[in-house]
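Structural description and commentary
Take a look at the letters that make up each chain.
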Amino acid sequence: MKKITNSVYSYLDVTPGTEGNVLYANTGIVIGKDGIIIIDTLASTKEAEKFFADIRKVTDKPVKYVINTHHHPDHAYGNSFFADMGVPIISQVQSREELLFSGETLLKNPNMLGFSSDFFQGTRIVPANIVFEKAMAIDLGGITVKLIYSNLHSHAKGSIIVHIPEEDVLFTADILVTNTHPFVMDGNIQEWIKTIDTIMPMNVKNIIPGHGPLSTNKDLENMKNYLSIFDEQSKKLSATEKNLEKLTAMMLEVLPKYEGGDDVVKFNLSMLYPSLAT
Ligand SMILES: [Zn+2]
């Protein structure tokens, strides 16, 4: 984990496929006088266990809460590891419902995510036992952690951001991903762009995206641009191109270029346009 400020550590810019964090999510911690808060739990109980070992290299303070920024596997499927330690889990209320709705199906079908059959061994779906609607603040002893829901369906239903004002740090989770293709299939692109418009005026110095390197408002602007292109071009090109491989190749021509991750674009298109021929 990388030290972002005195009280915030996070994984950053993880290489896709890394053992212990295969979906390269930027999970992190905030350290207060009284204990720590963990932001997201990675994709399985095994990944969470390794994450916790990395946390213990940085601090031995007790874990007060786990926060789920949204319900996707790489952010919430490590919950059971921390629940077994007795740690309360917090999420936005819709995010809890989404995890309950899709969790068991994905857990039983790891191949849907390209994982091996034993990937989820020992993993259980554990939804939040503390939920909120709009916002919540936690006093961690000398440091405040603010959980904020935009009231809009952005990257996923109930996606939140986590702001630590005293440290000038913001965890956006997948509302922002930097230098990599986003998963858009659970999103609402128009409301996602509006959500980013509410984040940019916060002018936070250290923005930790859901995936990718430490970011700034410039990256939020690029994200809006990506989403606009994806929305406009996928609608336009899918009207005439009905083959998934060919449509993916056409979209990769018009989208910003990133190293790898082309399969994410294909996955997004296959989920958004299930009638495409493969
Ligand atoms: Zn996500």
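Bear in mind that the values here come from a model prediction, so they are computed numbers and not experimental data.

Rules behind the numbers
The residue numbering used here restarts from 1 in each chain and proceeds along that chain's sequence as written. Restriction of local features to residues with pLDDT of at least 70 applies here, the model being predicted, together with a cutoff of 80 or more for giving and counting side-chain atom pairs; totals for whole chains, interfaces and linings are based on all residues. We treat two strands as partners when DSSP finds at least two bridges between them. Helix numbering and strand numbering both begin at the N terminus, where a helix is a DSSP run of H or I of at least 4 residues and a strand a DSSP run of E of at least 2. Every angle, taken between N-to-C directions, lies between 0 and 180 degrees, and every axis is a line fitted to C-alpha atoms, over only the stretch in contact when it is a helix. Orient the strands so they point away from the viewer, and a crossover whose first-strand-to-second-strand path over the helix runs clockwise is right-handed. For a helix, the expected span equals 1.5 Å multiplied by the number of residues minus one. Counting other C-beta atoms within 10 Å of a residue's C-beta gives its exposure: the residue is buried at 20 or more, exposed at 12 or fewer, and partly exposed in between, where C-beta atoms are placed from the backbone. Taken from the helix axis, the directions to the C-beta atoms give the arc we talk about. Here, residues touch in the contact sense if the C-beta positions derived from the backbone fall within 7 Å of one another.

Pairing within the open sheet is mixed, and its five strands lie in the order β8-β9-β10-β11-β12. Lying at the two open borders of the sheet, with one neighbouring strand each, are β8 (135-139) and β12 (206-211). Direction aside, the axes of adjacent strands within the sheet are offset by 20° on average.

Judged from the two bridges that link them, strand β5 (residues 63-67) and strand β6 (residues 89-92) form a sheet pairing that is parallel. Counterpart to Ile67 in the pairing with β6 is Ile90. Taken together, β6, helix α4 (residues 93-108) and strand β7 (residues 130-132) constitute a β-α-β crossover, and its handedness is right-handed.

Take helix α1 (residues 45-56) next. In this model α1 runs 16 Å from its N-terminal to its C-terminal C-alpha over twelve residues, within 8% of the 16 Å that 1.5 Å per residue would give. Thr45, Glu47, Ala48, Phe51 and Ile55 are the residues of α1 that are buried. Down the axis, α1 shows its buried residues gathered within 150° of arc, on one side only. Exposed residues pointing more than 90 degrees away from the buried face of α1 are listed as Ala53 and Arg56.

If you walk across this open sheet you meet the seven strands as β1-β2-β3-β4-β5-β6-β7, and the pairing is mixed. Each having just a single partner strand, β1 (2-3) and β7 make up the two edges of the open sheet. Bridging between strand β2 (residues 8-10) and strand β3 (residues 28-31) involves three bridges; their strand directions are antiparallel. Bridged to Val8 within β3 is Val30. Contacts from α4 reach β6 and β7, with the element oriented near 105° to β6.

So, on to the pairing of β3. Side-chain alternation along β3 places Gly28 and Val30 on one buried face and Ile29 and Ile31 on a second face that is also buried. The pairing of β3 with strand β4 (residues 36-39) spans four bridges and is classified as antiparallel. Its bridge partner being in β4, Gly28 is matched across the sheet by Ile39. Linking β3 back to β4 in an antiparallel pair, the connection comprises four residues.

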